[in-house]
There are 2 protein chains.
Amino acid sequence: MEEFAAIPEVVILRLPRYVRVLKQLIQEQVSTVSSERLGQRLNISAAQIRKDLSYFGRFGKQGQGYKVEGLLNELNRILGLDRQWNVCLVGVGRLGRAIIGYPGFAPEGFQITAAFDITPGIVGQSVGRLQVQAMDELARTIKSKAVRIAIVAVPAEHAQDVIDRLVECGVRSILNYAPITAQVPSGVWVRNIDPVTFLQSMTYYLREE
Amino acid sequence: MEEFAAIPEVVILRLPRYVRVLKQLIQEQVSTVSSERLGQRLNISAAQIRKDLSYFGRFGKQGQGYKVEGLLNELNRILGLDRQWNVCLVGVGRLGRAIIGYPGFAPEGFQITAAFDITPGIVGQSVGRLQVQAMDELARTIKSKAVRIAIVAVPAEHAQDVIDRLVECGVRSILNYAPITAQVPSGVWVRNIDPVTFLQSMTYYLREE
DNA sequence: GTTTGTGAATTCCTTCACAGCT
DNA sequence: AGCTGTGAAGGAATTCACAAAC
């Protein structure tokens, strides 16, 4: 266990995938798993998985592998998934509504607790169990609900401004659906969800057929 | 220009981002750009951009940089974006409907031309300008519309089966919204869109606060 | 003076391979 | 015998740095 070296971001990005498979294995009543079998499910080499886990501790037993539930608990703890996270959403257009309606966040501990929009016609509307708030309530709500994570679903031209405001209000992690590369200060993390660039990169391999 | 070495996938994944910024620059009436300025917009080093582009040719001029429009055309050609792509969607639930309604695909040349579902109550419905088709029409439609790209928006438990069928029907690129690691034969590309794992990786950095 | 294109150097990531534990 | 954890090796990606072109 290397306590002091920074852990590569690629490693952190893989951990949630381990979490997901471990949950599947629990469903399947599997109580023990080897790095080999875990890797097969994820198309990741066994050595890679062992190396990744070794950044955080020694969770396996030679000759047996890993206890599924034990490893899951460790990973949940490491990733900070052993608690609830309040998330706010900015942008309640078509996409924002789909995000509010998406049932996949809550079971993983991410509760969308506030939604904001700039459009007068949208502010005040009820969407799901949320009432859309005006942007000038951003700071107060983020503080009162201890929000550290935001989802941005506004048009590209407003995304950087919105992100600036979120960062000012203390948000540290942003899931950005707008097709821009946001500029944020260090200490703030942004992940982009961008189906179009994914499609655009895959066409490279289809080019000549 | 290295004609024979395989081009790293990370490079291919960056090219669409260059395309996006170049389009922005055209909007802003900028006709010439240096790797330095391009990099600032994308948080990518100038050297990286030059190296990436050098895999494909020599598009710049020393002392001046790159012609925005010229470089954009080259990248569009390289990525196969100088044409229309027919895309099919499988899974017309809440998420699938949001995807059909998403206005970002068509302007980039991706036309959703067919939608499929397994649920009797959904098959036959009109969604947007599409009529939802039954799964047994998959093969015929994919052939007749020359579909090479599919979007999968079915529940996790059906995703692998759906992907298997798509691959059988000749689909080579899959944008997968289901939270699974799909197993596909070589020659088929899958990209996953997974907001939850993104959130789960960001909480690592928020853990102790 | 400015900026590209690119080998060389460096850094980062993955895989190897095996000692050591079960 | 089976599998982990990990240094060492190998491979990949990024950055450096500069000659050449404008």
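These figures come from a predicted structure and were not determined experimentally.

Account for unusual backbone geometry, naming residues and giving values.
Residue and element names in this part refer to chain A. At N43, a position not held by glycine, the phi torsion is positive, near 55°. Secondary-structure assignment places N43 in the loop between α2 (35–42) and α3 (46–54). Exposure remark for N43: the relative accessible area of 49% places this residue in the partly exposed category.

So what's going on with the interface of chain A and chain B? Residues and values would help.
Between chain A and chain B, the residue contacts involve 58 residues of the former and 58 residues of the latter. For the pairing of chain A and chain B, the buried interface totals around 5,500 Å² over both sides, and the portion due to carbon and sulfur atoms is 65%. Here chain A is connected to chain B by 2 salt bridges. Between R20 of chain B and D194 of chain A there is a salt bridge; the shortest N-O distance is 2.4 Å. Between chain A and chain B we count 20 residue pairs in polar contact (both at pLDDT 80 or more) in total. The dominant element in the side of chain A that touches chain B, judged by the number of residues it contributes, is helix α8 (residues 195–206) of chain A, at 12 residues. Among the residues forming the side of chain A that touches chain B, the class breakdown is 32 nonpolar, 13 polar and 13 charged.

Any chance you could break down the pattern of salt bridges for me, citing the residues and the numbers?
All names here are of chain B. In the structure shown here, the tally under the stated rule is 12 salt bridges over all chains. Residues R41 and E28 are paired through a salt bridge, measuring 2.5 Å at the closest nitrogen-oxygen approach. Of the two residues, R41 is situated in helix α2 (residues 35–42) and E28 in the loop between α1 (9–27) and β1 (32–33); the sequence distance between them amounts to 13 residues. Given the relative accessible area of 26%, R41 is considered partly exposed. According to the relative accessible area criterion, E28 is partly exposed, its value standing at 40%.

Run through the environment of V33 of chain A, naming residues and quoting values.
Residues and elements named next belong to chain A. Within the fold, V33 resides in strand β1 (residues 32–33). When the C-alpha atoms of V33 and G65 are compared, they prove to be 5.5 Å apart, with 32 residues separating the residues in sequence. Apart from the residues within four sequence positions on either side, V33 is in contact with L22, L25, L38, G65, Y66 and V68.

Outline the relation of the copies chain A and chain B, listing residues and values.
Between chain A and chain B, the superposition needs a rotation of 180° and an axial shift of 0.0 Å, giving an RMSD of 0.0 Å. Seen this way, the second copy is the image of the first under a two-fold rotation axis. Looking at the interface residues of chain A, 100% of them are also at the interface in chain B, so both copies use one shared face.

Conventions and cut-offs
- Residues numbered from 1 in each chain as written.
- Chains lettered and ligands numbered in written order.
- Predicted model: local features only at pLDDT ≥ 70, side-chain atom pairs only at ≥ 80, totals over all residues.
- Heavy atoms only, no water.
- Helix = DSSP H or I, 4+ residues; strand = E, 2+ residues; numbered from the N terminus.
- Buried < 20%, exposed > 50% of the residue type's maximum accessible area, 1.4 Å probe, protein only.
- Contact = heavy atoms within 4.5 Å.
- Buried area = accessible area lost by both parts, 1.4 Å probe.
- Salt bridge = Lys/Arg side-chain N within 4 Å of Asp/Glu carboxyl O.
- Polar contact = N/O pair within 3.5 Å; in protein donor to acceptor, adjacent residues only side chain to side chain.
- Nonpolar A, V, L, I, M, F, W, Y, C, P; charged D, E, K, R; others polar.
- Least-squares fit on C-alpha atoms with pLDDT ≥ 70 in both.

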